[in-house]
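# Architecture at a glance
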Amino acid sequence: MTKVCPRCGFENPDNVYSCQRCGYPLIEVPQRMPGVQVQSQPTYQQQFATREKPKFPLLQVAVPIIAGFIIIAILLSILA
Ligand SMILES: [Zn+2]
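The rules behind the values
Residue positions are given per chain, counting from 1 as you read along its sequence in written order. Where totals are concerned, whole chains, interfaces and linings use all residues; where local detail is concerned, this predicted model gives features only for residues with pLDDT of at least 70, and gives and counts side-chain atom pairs only at 80 or more. UniProt positions are given in the numbering used here, feature names are shortened, and annotations may be inferred rather than shown by experiment. In this description a helix means any DSSP run of H or I spanning at least four residues, a strand means any run of E spanning at least two, and both kinds are numbered starting from the N terminus. The span expected for a helix works out to 1.5 Å for each residue beyond the first. Neighbour density around each residue's C-beta defines its exposure: 20 or more other C-beta atoms within 10 Å make it buried, 12 or fewer make it exposed, and counts between make it partly exposed, where C-beta atoms are placed from the backbone.

The name given to the chain in an unreviewed UniProt entry is Zinc-ribbon domain-containing protein, with the source organism recorded as Candidatus Acidianus copahuensis.

Printed below as a string of structure tokens:
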């Protein structure tokens, strides 16, 4: 196993406690850092999804399609 430096990405041997390239301290539990980010991300995504979710998605999709069919029908009736 190698310890990948989170700062510079250098792969250090497992028995070192600081990055051999940049001196960044390599802590034994690097999984806590992503854990904090994972906990904060869903909250942001939930707020974002709630704001982004349209109230009438069917209406927003159906209206342009129906309008397109009406325009095509009018054009066909004019041409015929
Ligand atoms: Zn480093």
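Back to the text.
## A look at the UniProt feature "transmembrane region" (unreviewed entry) in the chain
As annotated by UniProt and renumbered to match this structure, "transmembrane region" (unreviewed entry) occupies residues 58-79. In this annotation, residues 58-79 is assigned 100% helix and 0% strand; the end-to-end C-alpha distance for the span is 31 Å.

## Observations concerning helix α2 (residues 57-79)
Relative to the 33 Å expected for 23 residues at 1.5 Å per residue, α2 spans 34 Å between its end C-alpha atoms, a close match to the ideal helical length. Burial runs low along α2: only zero of the 23 residues are buried.

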